[in-house]
Amino acid sequence: MREAQRLVADRGEVASIVQVLSSSSSPATRLEAMLVLGRLAARCVAVQQDAVREGAVPPLVDMMQAGTDEERCHASRLLALLGQHASTHQVILQAGALPVVLRMLRDRGHRAPPGLTLQPATAPDGKPLAAVGVVCMLVHNPDNHFAMVGEGLVPLLVSLLHRETPGKTLTYALASLLMLAIAEPRHAAVVARTGAVPLLVLISREGSHRPVNRELAAALLAVLCRSQDVQVDVVAAGGIPALARLMAEGTDGARCYACEALAQIASGTDVRCRLVARAGALAPLRSMLAPGGSSLSTLWAARLLKVLVQEHSALREVAEVPGLIALLPEVLGRRPLRQQQQQQQQDELPPTAAGSTASSPHIVPGVTTSSSSSVNGGVNMASMDVEVQGEVAAAAADADLEKAQAQLAWVVAALAANRLTRGVISGVGCFLIRPLVAMLREAQAGWPSSLRGVISEVGCFLIRPLVAMLREAQAGCGAGLGLADVLEGLANSRQAAAAAALRGLSRADDRLAALVNAELALQLWLGHRVELPRLAEEGIASDWYPPME
C-alpha cells in the first residue's frame, strides 16, 4: 500500500481524483472519490499535501456545509486527514472550514446550562461527530488557538463531555481542550469557567470510560489545578477521591497526572493536605515507587509525598502506610539508566576486550563494516536515529530519577524532624545513609574545590535573603521573574536535600549520627571529599530545613 501511495503521488494522479471530487454532481461519485482519496492519503504526507495543493479543501468544506449527512461525515474525516501536517492549516482556515465545523458542532451539540444537564452531542444516525476530528487537527497548531477560542469553541467542546458521547469523539474533545489549556493560561480559565470541572471529575472517576479518556481528563484537571480558584471547584466536585481512585486503577500516565493534580490541591491549605492523605491516595504511592516502575511515576509519587509531609497530620498518615517507608532506601540508591546500560555493556564484553590490541575493526554504533550493505558511506541512518532517540529518553528518565531522589530526601528530612515519626525513619536510617552520602558526593563532584567549602558553609544562610530579594523585585515590577522556578530548583537540589536528610538522621538518633560520620570518613579515605553543609540554627532558613520537634 505504501508503494501504491508513493506511485500515485509521483505520477500526479491525485489531481484527477480531486477533479472528480470538485466537479461531479453525483453524491455517490463524490463519496467514492473521498473514499479513494482517504485511502491514498492515510499515513502519506506527500498525498496529503498534493491533495491540498490541487484544491481538495474547498469542495470538502462545501460538502460539510450543504451536503447530506453521509457526505458531511466523510468530508469531515477526510479534511481531518488532510490537515495532519501543519503546513496545510492555513489553506484549510482560508477556505472557511472553522465556522463550518463550529456550526456542525453547534447544530448537534448543546451549550452547558448552569445546571450542567447536558444532552448527548451525537449525530442523528448515531455516528460520532466527525467534525471534532477537524477541531482536534487544527488545535495542534497554537497559532489557531485564539481564533478558535474567540469563535466559541470551548463551550461546544465542553458540551461533548458527556457519558453518552461516543468514546472516540470524547477523546478528541478532551485532547482539544487539553491542548488549548496547556498553551495559554487564559484559555485554561475559559475552560474552567465553562463548567468543565465537574464533568472532568466524573470522567476520571467512572471506570466505564476508555482508559485514554480518563487519562486525558486527569491531565486536564492537573493543568486547571494550577489556579487556586479551580482547586476549590475540584474539591467541591469530589475531585480528591476521584483522583485517588484513578491512582489506584488507572494507567501509568493517568496515575502521574492524578498525582500532579493532587499535589497542587494539597499544597493549597493544610485542610486539603489532610483530605488528600485520607482519601486513599497514599497506598497507590507504594506501587508507583516500587522497582520496575517508570521514572516519571516515581517522580510524581515523590512530589506528592513531599507536599503531604509538610502537614503534621498527613506526615503521620504517610509514616503509617505499610511498606512505604521501607521503599525509600531502594529508590534513593537506584542508579540512573545510563549507568546501568554502561555497566551492562561492560559486563557483556569478553575478558580480553578491554586490553586487547589486536587489529580488530573499530565498531561504532550505527555504522556497518560490511561493504555489501553499505548505505550512505556505511552509516545506517535508521539505526542511528533509534540510538539517538534512546539516548534522549534515557537522559530524560535519569533527570526524572534525580529529581525524585531529591524530593524523597526532603521526605526523609521531614520524617526525621518530627518526634512522632522519627522512630519509623530510624528503623531504616542505616540503609539511607550510604545513598544519601552518594547523592551529596555526586552533587558536589562538579564544583570547583575553591567554591565548594564556601558554599557548603554559608549556602544555607543565603537561601532566605536571596528569595526575599527576588520576591521584592517581582513585587516591584509587577511581573514574574521566575520565583517559582527558583523555588522548584531549590526543592530539586540534590545537595540541599541530601544534606537536610543526613542532618535530620544525625539529630534523630545518636547511632545514626555515628554511622553518618563513619560514612563521611570512609568517603574521605577513598579519596572523595564530601562536605556536609552546616545547617542553620533554629529560626534561620526554616523554610527549607524542617525544625526538630
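Residues numbered from 1 in each chain as written. Predicted model: local features only at pLDDT ≥ 70, side-chain atom pairs only at ≥ 80, totals over all residues. Heavy atoms only, no water.

## Topic: the overall build of the chain
Counting secondary structure elements, the chain contains 31 helices and zero strands. Taking all 549 residues of the chain together, 47% fall into the buried category. Sequence separation of 24 or more characterises 75% of the internal contacts of the chain that already satisfy a separation of 6 or more. Carbon and sulfur atoms provide 55% of the accessible area of the chain, an area that totals close to 26,400 Å². (Helix = DSSP H or I, 4+ residues; strand = E, 2+ residues; numbered from the N terminus. Buried < 20%, exposed > 50% of the residue type's maximum accessible area, 1.4 Å probe, protein only. Contact = heavy atoms within 4.5 Å. Areas by Shrake-Rupley, 256 points an atom, 1.4 Å probe, with all protein chains shown as cover.)

## Overview of the nonpolar core
Counting residues in each nonpolar core, the largest one holds 155 residues, and the members touching the most others are Leu161, Leu285, Ile425 and Leu436. With 11 residues, helix 25 (residues 381-417) is the largest single contributor of residues to this core. (Core = buried A, V, L, I, M, F, W, Y, C linked by side-chain atoms within 4.5 Å.)

## What about the confidence of the model for the chain?
Of the residues in the chain, 72% reach a pLDDT of 70 or more, and the chain-wide mean stands at 78. In the predicted structure, residues 477-481 sits below a pLDDT of 50 and forms five contacts with residues beyond four places in sequence or in another chain. Of the regions scoring below 50 in pLDDT, residues 535-549 engages in 41 contacts with residues more than four places distant in sequence or in other chains. (pLDDT = per-residue confidence, 0-100.)

## Some thoughts on a nonpolar patch on the surface
Among the surface-exposed residues, Leu522, Trp525 and Leu526 lie close enough to one another that they form a single nonpolar patch of about 350 Å² accessible area. Its place among the elements puts Trp525 in helix 31 (residues 510-525). (Patch = residues over 30% accessible without salt bridge, like charges linked within 9 Å, V, L, I, M, F, W, Y side chains within 5 Å. Salt bridge = Lys/Arg side-chain N within 4 Å of Asp/Glu carboxyl O.)

## Description of the packing of aromatic side chains
Under the definition given, this model contains zero aromatic pairs. Sitting above the plane of the Trp300 ring, Arg303 keeps its charged end 4.8 Å from the centroid. (Phe/Tyr/Trp six-rings, centres within 6.5 Å; stacked < 30°, edge-to-face > 60°. Lys NZ or Arg CZ within 6 Å of the ring centre and 35° of its normal.)

## Considering the packing of helix 3 (residues 27-41) against helix 6 (residues 69-82)
Put simply, helix 3 and helix 6 touch, their axes get as near as 10 Å, and they point 25° apart. In terms of orientation, helix 3 and helix 6 fall into the roughly parallel class. Remark: the crossing between helix 3 and helix 6 carries left-handed chirality. Seen from helix 3, the contacting residues are Pro27, Arg30, Leu31, Met34, Leu35, Leu37, Gly38 and Ala41; seen from helix 6, they are Glu70, Glu71, His74, Ala75, Leu78, Leu81 and Leu82. Here the residues of the contact of helix 3 with helix 6 are counted per class, giving 10 nonpolar, two polar and three charged. (Axes fitted to C-alpha atoms, helices over the stretch in contact; angles between N-to-C directions. Parallel < 35°, antiparallel > 145°, perpendicular 65-115°, else oblique. Left-handed = near helix turned anticlockwise from the far one by under 90°. Nonpolar A, V, L, I, M, F, W, Y, C, P; charged D, E, K, R; others polar.)

## Brief notes about the environment of Gly268
With respect to the helices and strands, Gly268 occurs in the loop between helix 18 (252-266) and helix 19 (270-278). Gly268 sits in the partly exposed class, given a relative accessible area of 29%. Here the alpha-carbon distance between Gly268 and Val307, two residues 39 residues apart in the chain, equals 9.8 Å.

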